[in-house]
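Per-entry structural report
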Amino acid sequence: MPDGRDAIAVRVVERIANVSAEEWDACARGGSHAYNPFVSHAFLCALEESGSATAKSGWQPYHLTIEDSDGRLYGALPTYIKNHSQGEYVFDHGWAHAYERAGGRYYPKLQCAVPFSPVTGPRLLVRADAPDAALSPEDAQKALAAGLIEATRQLGVSSAHVTFCTEADAQCLQSMGYLVRHGHQFHWHNRGYENFDGFLAALTSRKRKSIRRERQKVAEMGITVRPLTGADIKPHHWDDFHRFYVDTYDRKWGYPYLTRAFFDLLHETMVDDVVLMMAERDGRNIAGALNLRGGDALFGRNWGCDQDFKFLHFEACYYSAIDFAIEHRLKRVEAGTQGPHKVHRGYEPVHTFSAHWVKEANFRDAVDQFLRQERQLKDEEINDFKEYSPYRTG
């Protein structure tokens, strides 16, 4: 391996299939964090190869890598050129409108993220096992952060955004001049429960009875929900789930992001990481919830149902996920964005983080002032949510 830091270069990769899966995943699994399936080569490749995350859909791959002169990978940054703010879940539409009212052009921008996936995870991906590394992991992360700023300048775009990063990544990016933004989600935490009843025993009597009543109502409708993973998932399950997914998006949110081919590729390359909650009634699948299993967590992603059944969403997306996490000794369930209603069902508020680099100085100052105020409000919101905790005190 060449000596000296001048042997290291930040390069642009416009198709993740052009990167070795083994080397990318060595970076994605580096550091002290548990395995996160969303930054794996297989997941990102499935998004691109299925036509879900492409230039046509407004997610043009523009990944940054750190390589030595022999092409060996030290670090990677999953990045896209965006001409809109859809599928990100950290909303900057107000920033875009303000920037353009002032005469600027907000789009395109650079987005370091996992498309359509509001899941916290590492973004500054660096391998921890590189022999005789010319860069330490910490320096490699800073090189990626600096490379993203340089790419923003070279492309002449307005800004770069690193969304749903870990707190450690946010701290690194802040040290490099990025502005940090706080958000929140609701996660369920496993406190060593032996079973679902053990979890319920930790709740107040009123909340415990409410959850039991909701689950009982689903059962009384003749609906059963069971988790499918690995070889238990068959092609017809994906056919059904895709139908649910498209129907739900059409009715609630508009254009569905994920193509049918995405689910086929997910099955081919990551089926052992998939936990598909399928709801059945009278021998027919009526709803489903897609989860991915990480090293210590279950990540809820997509839900769909072909008709409305009261409380079924809670059963398939929240309670069945808790059941699975307890059985498989997972530390938490991350059930996606939004949903203060999750608090009453045992999910607790946690901070999420993003980091933003803005090229234009005056606009950067305005964003900085906004974020200072927003962070305080987010902290207050989380404290307010905690007051409604369903868990017994003492």
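Just above, that's the structure.
Residues numbered from 1 in each chain as written. Predicted model: local features only at pLDDT ≥ 70, side-chain atom pairs only at ≥ 80, totals over all residues. Heavy atoms only, no water.

1. Describing the state of the cysteines
- Summed over the entire model, instances satisfying the criterion amount to zero disulfides.
- Free of any disulfide, Cys27 has its nearest cysteine sulfur in Cys112, 13 Å distant.
- By relative accessible area, Cys27 is classed as buried at 1%.
- The thiol sulfur of Cys45 is not disulfide-bonded, and the nearest other cysteine sulfur, from Cys27, lies at 16 Å.
- Exposure remark for Cys45: the relative accessible area of 18% places this residue in the buried category. (Disulfide = S-S within 2.5 Å. Buried < 20%, exposed > 50% of the residue type's maximum accessible area, 1.4 Å probe, protein only.)

2. Comments concerning the pattern of salt bridges
- Evaluation of the coordinates by the stated rule reveals 23 salt bridges.
- Across the pair Glu374 and Arg181 runs a salt bridge, and its minimum N-O distance is 2.8 Å. A residue pair is termed long-range when its members are at least 10 positions apart, and Glu374 in helix H11 (residues 361-386) and Arg181 in strand S9 (residues 179-189) qualify at 193 residues. Each of the two residues, Glu374 as well as Arg181, counts as buried.
- The salt bridge involving Arg260 is made with Asp264; its shortest N-O contact spans 2.8 Å. On the criterion of helical spacing, the pair formed by Arg260 and Asp264 is a turn pair, its members being four residues apart in helix H9 (residues 260-270).
- For Arg260, a relative accessible area of 22% translates into the label partly exposed.
- What emerges from the salt-bridge pattern is a single network uniting Lys82, Glu88, Asp92 and Lys109. (Salt bridge = Lys/Arg side-chain N within 4 Å of Asp/Glu carboxyl O. Helix = DSSP H or I, 4+ residues; strand = E, 2+ residues; numbered from the N terminus.)

3. Side note on unusual backbone geometry
- Between Tyr107 and the following residue, Pro108, the backbone shows a cis peptide bond with an omega angle of 0°.
- Relative to the assigned elements, Pro108 resides in the loop between helix H3 (93-101) and strand S6 (109-112).
- Residue Phe164 is not a glycine yet carries a positive backbone phi of 55°.
- The phi dihedral of Arg329 falls on the positive side, at around 55°, and the residue is not glycine.
- With respect to the helices and strands, Arg329 occurs in the loop between helix H10 (312-327) and strand S14 (332-334).
- By relative accessible area, which is 52% here, Arg329 ends up exposed.

4. Quick word on the sheet that holds S14
- Strand order in this open sheet of eleven strands is S2-S5-S6-S8-S15-S9-S14-S13-S12-S11-S10, and the pairing throughout is mixed. Only two strands of the sheet have a single partner each, and these edge strands are strand S2 (59-61) and strand S10 (223-228). Taken pair by pair, the neighbouring strands of this sheet meet at an average axis angle of 30°, ignoring direction.
- Across nine bridges, the pairing between S9 and strand S15 (residues 348-358) is antiparallel. Within S15, the residue paired with Gln185 across the bridge is Val350. (Pairing = 2+ DSSP bridges. Axes fitted to C-alpha atoms, helices over the stretch in contact; angles between N-to-C directions.)

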